[in-house]
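Okay, here's what each chain looks like letter by letter:
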Amino acid sequence: MTDPDRIWNEASVRLRAEIGDGPFSSYIAPSAVRVDSSGQLILVTPTAYARDWVRKNALRRMNELWLGLDGLNRRLDVRCRAEVGSAPPASAVIAGNVLDATPRLAAFASPTVPPIADGARAVRAAGLQDRLTFDSFVEGQGNAFALAIAKQVASWADGHFNPVFFCGPYGYGKTHLLNAIAWEAQRLRPEAKVVYLTAERFLSTFVKAMQDRSTAAFKESLRSADMLLLDDVQFVGGKTSTQEELLSTLTALIEDGKRIVFSADRAPMALTEVEPRLRSHLAAGLTCPVEAGDRELKIAVAQNRLKALSALGVVQGEAAPEVLAQLVDRTPGSMRELEGAVNTLAAAAGSRLATVSVDEASILLGAALRGGPERRITVDEIQKTVADHFNLKQADLLSERRTRSVARPRQMAMYLCKQHTTRSYPDIGRRFGGRDHTTVLHGVRKIEELMAQDDQIARDVEALTRKLRG
Ligand SMILES: Nc1ncnc2c1ncn2[C@@H]1O[C@H](COP(=O)(O)OP(=O)(O)OP(=O)(O)O)[C@@H](O)[C@H]1O
């Protein structure tokens, strides 16, 4: 595929599923892709703030998606409208919001999910990623058991545990396994209704269904599933009504002999914000750990990714073993970070991959290999910095006060916690006077939305970020 229009459509659909509707509609939908006179692809954002947001939060992933779809090894850069002059010519522009013309791809954005006759499309509709299959999953120490169980679940084999619960640290393949199960299960039984969704989407769709008084349709759309896969279930913690809904869905599906698969960052019994009754249901089947990969597995994953990019024509040849080893040793973090570094190397080396030396790889990878974790920022530090910035007391941020002068800084502090710490929404809620995680989710989305529209908010967040980074 080389047509930027089609690539952008495809990449944006996936990006929307990954980053969520809020950030997507604030930053990506109002932007447009343009090809400049030298053939460079540029995403043009409406404001400088949106440009910085995209650069920090989405550009790398957009380039990964683009690389996977484009046969021409092109990279996407991002500029704001003021930098590129007036609106780009229509013929060269692919508007981000053309996506609105493809609502079927956002099945769970609507509480009244229509029954989808075509099974394969039903899976696709729920935001699965094409490349996350069993074929692209590398087996190694730490994930072999999980992989074997995942394959059993996907085969619809009788007599197995239900639900199956995959747990483990962030970025080591839980979502990959759930996607792979969904694809394989659907391939084996095209007529079955396989439903995959993230718990965050479950939650937001359910809340919207309650507001629209359309919970019956929502329930029906879930209860008619033959297999339900719910990713990142830790996010349902906190909200009682959502947990009750999940519990009754779970019970109904199990009673009907339907398959259920969950993933979370912890084992079910460690999900302390989940109500005990739901927790024990989650733990009633099989809990299956997906552990952090060792060096050998990481090297194999990097190799595998380069092979996939080679099949797409993005690179030619194989990287030298010492280049791969250096890439793995100097990329801190999970497989996710590793994949980012591999993509950067692939994009920079292209057809010269086989001849790249260790020194050259270091230069090509630049910032990606600079390594070393950033200074850790704590929730407490964020609360103190934000309170200080707005002449408030830290206790005000934790209090029940709802006046705008306190509520907005509180939301900003929550947003900064999500950006700069690895804490989950329920965790952040607890640190803000025991608030529910949906309040945190709402606060974070509100700030994201406001930053794209209100320069003062954007400047405050920027100033606070600078202070926190020191
Ligand atoms: N064993 C593996 N083989 C191939 N790719 C892998 C493997 N483990 C992880 N990856 C890749 O690493 C990236 C992160 O994995 P994934 O999104 O599945 O992590 P996760 O455990 O679900 O993280 P989170 O808890 O944040 O949702 C994905 O692109 C995935 O394809």
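All residue numbers refer to positions counted from 1 along the written sequence of the respective chain. The model is predicted, so local features are restricted to residues of pLDDT at least 70 and side-chain atom pairs to those at 80 or more, both for listing and for counting; the totals for chains, interfaces and linings are taken over all residues.

A.B. asks: Any chance you could explain the site of the ligand here in plain terms?
C.D. replies: Only the C-beta atom, placed from the backbone, is used; a residue is near a molecule or strand if that atom lies within 6 Å of it. The full set close to the ligand counts 18 residues, and G173, K174, T175, H176 and M335 are the nearest of them. Polarity classes work like this: nonpolar for Ala, Val, Leu, Ile, Met, Phe, Trp, Tyr, Cys and Pro, charged for Asp, Glu, Lys and Arg, and polar for all others, with Gly in that last group. Across the shell around the ligand, the residue classes break down as seven nonpolar, six polar and five charged. Annotation comment: domain bounds sourced from an automatic or database domain assignment. Viewed by domain, the shell around the ligand spans two of them, domain 2 (116-289) and domain 3 (295-369), each represented by three or more residues.

A.B. asks: Is there a simple way to think about the environment of A407 in this case?
C.D. replies: Only DSSP runs of H or I covering at least 4 residues are called helices, and only runs of E covering at least 2 are called strands; the numbering of each starts at the N terminus. The residue A407 is located in helix 19 (residues 404-420) in this model. Exposure remark for A407: the 15 C-beta atoms within 10 Å place this residue in the partly exposed category. Linking A407 and G443, residues 36 residues apart in sequence, is a C-alpha distance of 9.0 Å. Each residue is classed by its C-beta neighbour count within 10 Å, where at least 20 other C-beta atoms makes it buried, 12 or fewer makes it exposed, and intermediate counts make it partly exposed; the C-beta atoms are placed from backbone geometry.

A.B. asks: Would you explain the environment of L15 in this entry?
C.D. replies: Relative to the helices and strands, L15 resides in helix 1 (residues 4-19). Here the alpha-carbon distance between L15 and L65, two residues 50 residues apart in the chain, equals 8.1 Å.

A.B. asks: What am I meant to see in the nonpolar core here?
C.D. replies: Nonpolar side chains tend to gather and get buried jointly when the protein is soluble and globular. Here, a nonpolar core means buried Ala, Val, Leu, Ile, Met, Phe, Trp, Tyr and Cys residues linked by C-beta atoms lying within 7 Å of one another. Among the nonpolar cores identified, the biggest contains 124 residues, and I181 and L229 are the most heavily contacted of them. Among the elements that make up this core, the one with the highest residue count is helix 15 (residues 335-349) (eight residues). The contact criterion used is a C-beta to C-beta distance within 7 Å, with each C-beta placed from the backbone. If we skip the residues at most four places from it in the chain, L229 touches L178, I181, A182, V195, Y196 and V261.

A.B. asks: It is not clear to me how the packing of helix 10 (residues 215-223) against helix 11 (residues 240-255) should be interpreted in this structure. Could you clarify?
C.D. replies: Helices that pack against each other are described as a pair by the angle of their axes relative to one another and the distance between those axes. Contact geometry of helix 10 with helix 11 gives a least axis separation of 10 Å together with a crossing angle of 40 degrees. Comparing their axes, helix 11 and helix 10 come out oblique. As for the relative orientation of helix 10 and helix 11, their crossing is right-handed in sense. Contact residues: K219, L222 and R223 in helix 10; T249, A252 and L253 in helix 11. Counted by class, the contact of helix 10 with helix 11 contains three nonpolar, one polar and two charged residues. Orientation is described by lines fitted to C-alpha atoms, with helices fitted over the stretch in contact, and by angles between N-to-C directions that extend from 0 to 180 degrees. For classification purposes, an angle smaller than 35 degrees is called roughly parallel, one larger than 145 roughly antiparallel, one from 65 to 115 roughly perpendicular, and anything else oblique. Handedness of each helix crossing follows the sense of rotation of the near helix against the far helix: counterclockwise by less than a right angle gives left-handed, clockwise gives right-handed.

A.B. asks: What is the right way to read the sheet that holds strand 5 (residues 164-167) from this model?
C.D. replies: Pairing between the strands of a sheet comes from backbone hydrogen bonds, and it takes one of two forms, parallel or antiparallel. Any two strands between which DSSP finds at least two bridges are classified as paired. Spatially, the five strands line up as an open sheet ordered 6-7-8-5-9, and their pairing is parallel. Two strands in the sheet have a free side with no partner beyond their single neighbour: strand 6 (194-198) and strand 9 (286-289). Sheet twist, expressed as the average angle between the axes of neighbouring strands with direction ignored, equals 15 degrees. Bridge analysis of strand 7 (residues 227-231) against strand 8 (residues 259-264) gives four bridges, and the strand direction is parallel. Within strand 8, the residue paired with L229 across the bridge is V261. Relative to the sheet, helix 7 (residues 144-154) contacts strand 5, strand 8 and strand 9, its axis offset from that of strand 9 by approximately 135 degrees.

A.B. asks: Help me understand the confidence of the model for the protein chain, please; the structure alone is not making it clear to me.
C.D. replies: Reading predicted coordinates in detail is not appropriate for stretches of low pLDDT. When pLDDT is averaged along the protein chain, the result is 80, and 85% of the positions lie at 70 or above. Of all helices and strands in the protein chain, the one with the weakest mean pLDDT is strand 4 (residues 93-95) (28), whereas helix 7 scores best (95). On a scale of 0 to 100, pLDDT captures the predictor's confidence in every residue. Considering only residues more than four positions removed or in separate chains, one finds that residues 86-122, a stretch of pLDDT under 50, has 66 contacts. As scored by the predictor, the complex reaches a pTM of 0.61 and an ipTM of 0.98.

A.B. asks: Looking at this structure, how should I read the packing of helix 17 (residues 379-389) against helix 22 (residues 455-469)?
C.D. replies: The interhelical angle for the contact between helix 17 and helix 22, taken along N-to-C directions, is 130 degrees, at an axis separation of 10 Å. Classified by the angle their axes make, helix 17 and helix 22 are oblique. The handedness of the crossing between helix 17 and helix 22 is right-handed. Here E381, I382, T385, V386 and H389 of helix 17 come into contact with helix 22, specifically with L464, K467 and L468. Its residues assigned to classes, the contact of helix 17 with helix 22 shows four nonpolar, two polar and two charged.

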